[in-house]
Each structure stands twice: as C-alpha cells, then as structure tokens.
Amino acid sequence: MEQTLRLFFLTVVFILISTLPSGNLITGENDASGNYTNYKFFVKSKIAFNKSEATGTVTTKTGIKSVDDLNRKFKVKQVKEVFKLNNGNQEIYLELGMNRIYSIVIETEGNYPVEKIVEEYSKLEEIEYSELNYSGKGAGRKNEFNPIEVPFQVFSMSPNDLMFNVQWYLKNDGSMMPTTGREGKQGADINMLPAYEIEQGSDDIIVAILDSGIKYDHPEFKGRIWINTNEIPGNGVDDDRNGYIDDTIGWDFAYDDPNPTDGFGHGTNIATVIGANTNNKIGFAGVNTKCKLMNCKNLTNDNSGEYEWWAESVKYAVDNGAKVINMSEGGDENSRVLKTAVDYATKRNVTVVAAMMNRANNKNYYPAAFNGVIAVGATDTDDWRCKRFTWGGGSCWGKHISVVAPGNKIYGLDYLDDDKYDVSWSGTSQSTAIVSAMASLLYTQVRTRTPKDILTIITSTSKDMVGDPSEDKAGWDQYMGYGRVDCYDALMFEKGIISDNRNNKKEKVEINGENNKNEKRFGGKGPDEKKNERSKAEEEQSKSINHHNERNTSTEEPSPAIKK
C-alpha cells in the first residue's frame, strides 16, 4: 500500500511539472535581478505597433502576429512606448526610430527568465533588437563630516556665502588635505573667482539635473528652480500637452509623479555645486549664479535607476528647454535605448555631461562612454586624479574620458535640513556637476554655440600635466583626459587670454580607442586641431607666460597611459 501511494505521489508531481513552461523558471515580485529588471525589457520593432483607437496607446495586441504570439507565451501584461513624441522634434524623433521603441512588462511568477525572453524576441524578423532594461546608480557618496578638515579661512575678494571657505574647488588655498595623505595644492581649483568677473550666468539657460531629486524649497534655490509656466499646478490636466500632468516643477521618473523631491541627498548636492544662490550670506556659492535648475528625478530613494527612466528623462529635459543635461550617474551595461536618448539630445544641440564613475578601474560605464557625451573624472585637492575618495573607491579612467574636475570632499546643502551645512559628498558625480555648470556659462556667453563648441573650449583650456606624472602625460591621456578644467580660461577662450602661471599647453597626440578623440565623439575637428588654428597673437602671448607645473612623487604606480 505504501509503495502504491509513493508511486501515485510521484506521478502527480510529474504531471504538475510537465504542465509548466520549459526552461528555467523565475518566481517572485517585480524587482531587479542583478543590474537589470526581471519584469521589464525593451524591443525596437521594424514597423510601429498598432495603437488602440479608443485610447491612442499601444496594447499587448500589436498587430504583428509573431510578436503577439510571444506576448501570449510570455505573459505580457503591458506594452508601452518608451519615447512619446509629446512636444518634441518630430523629424529627429522619427529619424532615430524613437516611435518604434517599447518597454514590455511581463508576469514574473511561473514565467521564463527575462534573459531568455529577450533572446526569443531578438530572433523575430520583425524586431530590430531586444535588450534588457538595465539599472545604474548615482556616482557620488556621502562623507562623514570631519571638522578638523575644514579650513576656516575667509578669502579676500570672494563671495560672501557662509560656507564658501570650504568650497576648495572654487578657490583652493592648499589647506584642504587630499585623501591620500599628501599635501593640498594651492591653485588646484577651477579658477572661479576671476571667472565670476567674466560671466555669472543667465536665468534663460536651463540645466537639467537627472538625479535623486532636489530639495527645491531650500532658500539657496529660491528663484532658481525651473518652473513649467505652461502647466496649471494641481488641476489634474496636462495643460501644455507635453505628456506629463501637473509637471510644474519637473517630474519624478522613478516613481512616476509630479513631485521630484530628494529622498537620498545626492541630487541636492549636485544642484548646490551647479547653481546655489551666491552672495546671499548663507550656504554655498554655485558655479552658475543665475541659471534655472530643471528637476528630473530618475533615481530612487536608495540611489538606483532604470535605464528606461534615464532615457525618458533625457528626452523630457530636451523637449522642455534644457541646454545642458547633468547625468551624475552610470550603469555597467551598454544600451541602444539609452544611446538613442543621448543622440536625440545632441541632435537638438543639447550638451550631455556624465560621470566616469568611482570604481577605480578603466571599464566603460554608461552614458559616459557614449559618443557625444562629455565624460568627467575626478581630481583631489592636490590636482592628482582622485585615486581614493574619502569613503573609498577612486576615479575611473579610460579611452573615453574627456576631462577631470575636482570631486573629493565637495560640500553642499542637506536634503533634509535647511540649516545643515556640514554635509559633503565625493565622486565623479560632483566633478560632472562642475563641468555642467561651466557648459551653462559658455552657452550664456554665446547662445549659438553647439555641443561640439562646448567640448572644444572646455578641453582646449583644461590644465595638462598637473597631476601624477606617471599618469598625466602631455596631451590627452586615459587618466586625466585633456586635463583639469579651468573656468576662467574657458570663458576667455575666444579672446585668447590664458591666466598667468596656470597654463599648460597641450600638444596633439594620437590616442588609442574609439571614443576618446573629440572629433570622433562629436564629429569634426578636435580641440588640438582647433588650438592650432587660434591666432598668432594668442600663441605669442602664451609663449610669454611663466609656466608653473608642480610635480610630486607618489608611492602608487599605476600602469602608464596608452598612447600611440
């Protein structure tokens, strides 16, 4: 009898298993598996899917039989357009095939692994490609406050903001120590004080901050947050027909609502660096003292973000008037969907600036590794590449790096307390914010400049051979790019004036890699070629400058830069 019962039990189990789908099953809620979502993926079709006549939206019945068959097989719950035209540029939208890119949401319980599903859609003749919906994170980390590190010296001829004395990246007197234990270096900053005399910004230039949100009600941001004046707040209607209801102060792409408040702190620090109000006797001084800050929250409150949110937020920023997009974030995986969003921005003459990331390696992270993006690494208070941030890690390097900027111990506003000023963050995120702010000042100077122009100016005026001699070689190198940025010299670019004792002219070098040459990243001539075309007067002037170049030794011995 016992043997009969055992046989009966095994037979029932076999029948149950055989009725389930073949392949490896996944179970659980709709969450992330590794660095991608297990409930959602992308497809780009060769022809657009059908839309419902009643709602005007895409449904699971696409009108393509092979796709609909897979939709049923893999328990598809929703098909959604990643990029809607909304108030965008139709010509570029169609040129990039953005109307044929979809996110597909599936049931996870008792279904195939999403990797297997993506593989099956990719095999269809009607599908151009299918890919996973990867995720990334912000490229900065909060530091523990150490009051011993803060130099309480007030500089002459400087902004009167309460905490300007800790903003070493604006004016470095050498008293802020780098993490490595070396000495800080006077002048290892972006040369901001004379830059303020040249250009302080304009409220008609918009910098979009794609991040964890902004504490937009802080007094330091009074009058600085971008307001969608074409939207009536709180009426539940998309008044301006841009595809987002009540987006009067931006949009929260992570939680899909019109309240992009900061739940992590990273975005508020980035906004401080770019555009805190200046000379108001409180808080900090922003690099751009007048620009508008567009709040596009695309990271969750635990600092993670799906590529879908990132791609959608890029298009939103472009369509709603941003001239510069700051992406202090990055993911491990390449993505054609995210690249499409970046291409849309550059074709609309919008500059995208992104972080090299902080894992102290030479791997590609995205969007920084895309052509058309200004990729930014980090320096410490001694002008060397930040090999170790206060919390650990280190500035990444690679074939696609453009420039470096200060990124360690960057103080800023707190996302919870208006009166808390002892908060600092470190990472290539903070360096990226500096370069975005510089780009916005350059656009203020000449409104007709293009992203190519911005890259050329920033790279041409960056300071070469100021870092670790074993890394920072003449010309472009994979550790420092074209050098550490200089805001004053960038603003004086067209006048051919280079600041005394700060100039380190670059020589043209050939470099190995598909993304690093600026002419390849944007098309046309790179900054070295542009330099050669500048006036003889400028060349004569630069010859008369007393070149000053501190060289220090280090116990660290990284591999030499790759040059050919």
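Keep in mind that this is a model prediction, so the values were computed, not measured. (Residues numbered from 1 in each chain as written. Predicted model: local features only at pLDDT ≥ 70, side-chain atom pairs only at ≥ 80, totals over all residues. Heavy atoms only, no water.)

(A) Expanded view of the packing of aromatic side chains. According to the stated counting rule, one finds 17 aromatic pairs in the structure shown. For the ring pair Phe74 and Tyr121, a centre distance of 6.2 Å and an interplane angle of 40° mean the geometry is tilted. In this pair, Phe74 is assigned in the loop between helix 2 (65–73) and strand 3 (76–81) and Tyr121 in helix 4 (residues 114–122), connecting sequence segments 47 residues apart. Since its relative accessible area comes to 1%, Phe74 is described here as buried. The exposure class of Tyr121 is buried, given its relative accessible area of 0%. One aromatic cluster is present, built from ring pairs that chain together Trp226, Tyr244, Trp251, Phe253 and Tyr316. (Phe/Tyr/Trp six-rings, centres within 6.5 Å; stacked < 30°, edge-to-face > 60°. Helix = DSSP H or I, 4+ residues; strand = E, 2+ residues; numbered from the N terminus. Buried < 20%, exposed > 50% of the residue type's maximum accessible area, 1.4 Å probe, protein only.)

(B) Up close: unusual backbone geometry. For the bond running from Tyr366 to Pro367, omega is 20°, close enough to zero to count as cis. Relative to the elements of secondary structure, Pro367 occurs in the loop between strand 13 (351–355) and strand 14 (373–379). In this structure, Asp246 takes a positive phi of about 65° despite not being glycine. Note that Asp246 resides in the loop between strand 7 (206–211) and strand 8 (251–252).

(C) Quick look at the sheet that holds strand 11 (residues 324–327). One open sheet accounts for seven strands, arranged 8-9-7-11-13-14-15; its pairing is parallel. Here the strands that pair on one side only, and so sit at the sheet edges, are strand 8 and strand 15 (403–406). (Pairing = 2+ DSSP bridges.)

(D) Region of interest: the nonpolar core. With 140 residues, the main nonpolar core has Tyr121 and Ile325 as its most contacted residues. A per-element tally of this core places helix 9 (residues 428–445) first, with nine residues. Among all residues touching Tyr121, those that are not within four sequence positions of it are Phe41, Val43, Val67, Leu70, Asn71, Phe74, Val76, Ile104, Ile127 and Ser130. (Core = buried A, V, L, I, M, F, W, Y, C linked by side-chain atoms within 4.5 Å. Contact = heavy atoms within 4.5 Å.)

(E) Up close: the pairing of strand 7. By the criterion of burial, strand 7 is predominantly enclosed, with six of the six residues buried. The side-chain alternation of strand 7 yields two buried faces, one formed by Ile206, Ala208 and Leu210 and the other by Val207, Ile209 and Asp211. For strand 7 and strand 9 (residues 292–297), the ladder comprises six bridges, and the chain directions are parallel. Note that in strand 9 the partner of Ile209 across the bridge is Asn295. Looking at chain direction, strand 7 and strand 11 are connected through three bridges and run parallel. Note that in strand 11 the partner of Ala208 across the bridge is Ile325.

(F) Local environment of helix 6 (residues 266–275). Of all the ten residues making up helix 6, ten are buried; the element is thus mostly covered by neighbouring parts of the structure. Here helix 6 has its buried residues at His266, Gly267, Thr268, Asn269, Ile270, Ala271, Thr272, Val273, Ile274 and Gly275.

(G) Structural view of helix 2. Residues of helix 2 that are buried include every one of Ser66, Val67, Asp68, Leu70 and Asn71, and no others. Downstream of helix 2 by one or two residues, Lys75 has phi in the positive range, about 55°.

(H) Local environment of the side chain of His218. Note that His218 resides in the loop between strand 7 and strand 8. What makes His218 buried here is its relative accessible area of 2%. A polar side-chain atom of His218 sits 3.0 Å from the main-chain carbonyl oxygen of Asp418. Those residues in contact with His218, other than ones at most four positions away along the chain, are Leu413, Asp414, Asp418 and Tyr421. (Polar contact = N/O pair within 3.5 Å; in protein donor to acceptor, adjacent residues only side chain to side chain.)

(I) Broad picture of the side chain of Ser462. Residue placement: Ser462 occurs in the loop between helix 10 (451–460) and helix 11 (487–491). A distance of 2.6 Å separates a polar atom in the side chain of Ser462 from the backbone oxygen of Tyr482.

(J) Focus on the pattern of salt bridges. In total, this model carries 28 salt bridges according to the counting rule given. Between Asp217 and Lys215 there is a salt bridge, with its nearest N and O atoms 3.0 Å apart. Under the relative-accessibility criterion, Asp217 is labelled exposed at 52%. Three or more residues are tied together by salt bridges with common partners; here these are Lys40, Lys80, Glu306 and Glu308. (Salt bridge = Lys/Arg side-chain N within 4 Å of Asp/Glu carboxyl O.)

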